[in-house]
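# Structural features, examined
The chain contents come next:
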Number of protein chains: 2
Amino acid sequence: MSSPPRSLDETELGAYFALIEASSLLKHAVEEQLREAGDLSYVQFQLLATLGDSPTGSRRMTDLADGVVYSRSGLTYQAQTLEKRGLVERTQSSDDERGITVTVTAEGRAVLADVFPGHVAILDELLFAPLSRSDVEALADILSRARDHMRQNPPRSAKPRRRRKAAAGTGRERT
Amino acid sequence: MSSPPRSLDETELGAYFALIEASSLLKHAVEEQLREAGDLSYVQFQLLATLGDSPTGSRRMTDLADGVVYSRSGLTYQAQTLEKRGLVERTQSSDDERGITVTVTAEGRAVLADVFPGHVAILDELLFAPLSRSDVEALADILSRARDHMRQNPPRSAKPRRRRKAAAGTGRERT
DNA sequence: CGTAGTTGCTTCGAATCCGAAGCACATTGT
DNA sequence: ACAATGTGCTTCGGATTCGAAGCAACTACG
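Quick notes on the rules
Residues numbered from 1 in each chain as written. Chains lettered and ligands numbered in written order. Predicted model: local features only at pLDDT ≥ 70, side-chain atom pairs only at ≥ 80, totals over all residues. Heavy atoms only, no water. Pairing = 2+ DSSP bridges. Helix = DSSP H or I, 4+ residues; strand = E, 2+ residues; numbered from the N terminus. 1 Å grid on protein atoms, 1.4 Å probe; cavity = no way out; pocket = protein on both sides within 12 Å on 5 of 7 lines; lining within 4 Å. Points joined across faces, edges and corners; volume = space filled by probe spheres on them. Nonpolar A, V, L, I, M, F, W, Y, C, P; charged D, E, K, R; others polar. Axes fitted to C-alpha atoms, helices over the stretch in contact; angles between N-to-C directions.

So, on to the pairing of strand β3 (residues 100-104) of chain B. Residue and element names in this part refer to chain B. In this structure, strand β1 (residues 58-60) lies alongside β3, joined through 3 bridges in antiparallel fashion. Across the sheet, the residue bridging to Arg 60 is Thr 101, located in β3. Looking at chain direction, strand β2 (residues 88-92) and β3 are connected through 5 bridges and run antiparallel. From the neighbouring strand, Gln 92 faces β3, where its bridge partner is Ile 100.

It is worth spelling out empty space enclosed by the protein at this point. All names here are of chain A. Considering all chains together, one arrives at 1 cavity of 30 Å³ or more under this definition. Estimates place the volume of the largest cavity at around 30 Å³. Contributing to the lining of the largest cavity are Leu 47, Leu 51, Leu 64, Ala 79, Leu 82, Val 88 and Val 102. For the lining of the largest cavity, the elements supplying multiple residues, two or more each, are α2 (42-53) and α4 (72-84). Tallied by class, the residues present in the lining of the largest cavity amount to 7 nonpolar, no polar and no charged.

Moving on: the sheet that holds strand β2 (residues 88-92) of chain A. By definition, the strands of a sheet pair up through backbone hydrogen bonds, in either a parallel or an antiparallel sense. Residue and element names in this part refer to chain A. If you trace the 3 strands from one edge of the open sheet to the other, you get β1-β3-β2, paired in antiparallel fashion. Whereas interior strands pair on both sides, the edge strands pair on one side only; in this sheet they are β1 (58-60) and β2. The average angle at which neighbouring strand axes cross in this sheet is 25°, direction not considered.

Encoded structure:
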């Protein structure tokens, strides 16, 4: 509310840049592996993996969107793409007439299994190779906290679908 | 070459997911702020910031591409976009007839200055708020090492421009 | 000098992504 | 039951992305 604008020191800048760069590089590498091994985009892999993780192999769209950092529309797009390939199925939720339940198919699991070893290998080579055990532990701990914090504090996005009237008048709008 | 395929333990998975999620969330948040504050995409901001960092305010395209994790074509696109808005200028390198030197304009610097405080604020709120000083230091240290390692080891991308002959016949291409 | 291979950047086509708007079902209050 | 509001997902339009192919300028080497 009142924290004065301050600049970042060198360490903070370093952490920020390293975070962005490292994740970008890793993501690019993984994306390439996924494309070659199973013709999957990163999101598609994330979706399949999330579904495979579930005991029933299925989730609702919204839960998926929560798990992956993705826009709803992007999720719809990828779910449709995966469905066309027969890697997932989409069925109406029995509970909620407008809810869609996405389920990974046998073929989806097969593709997942096909891709996974290479995926792990990339992570080993690129991310974990230069890190010690305690590095990995520290990374997991620190970044988990950061992630949880960010999930709780949607910065100014995730608006309630339409700034509820004028309650959001933070004086931020332009023009 | 011979490391047997192994699975990742819980900590490693945690570190990996936390890295991807945290960076995604942060990037999304920052992107939104940049769009609202200065109508810049993340890459555009990175480019301007990189240029602003340089003493002369200019760099060659290739050096820019190295600094940012980006495809060449994407860089060309964004440089053109920024040029149309008058935030950068592109001139032929005197040295190399085919080299392009990109220079940030006064207006580009203005936009940068306009956007920067909000940018820092977001980082403070979302990334640094839940972290201690030593967390930040550890993060900077660990991720810098990871990043440097990845930069040195292009996984299988960054091919010498055309897989030298048929050396890459892994039998993976589909039809 | 001339030819071959490299390197810097752009163009091209297609895929992917997002936010805003829209539609349909659900829930709540009266 | 009805209206008002909230929620789940999709559609739409446009922006951004990438890899592959292409063009032009450099470099090496005979």
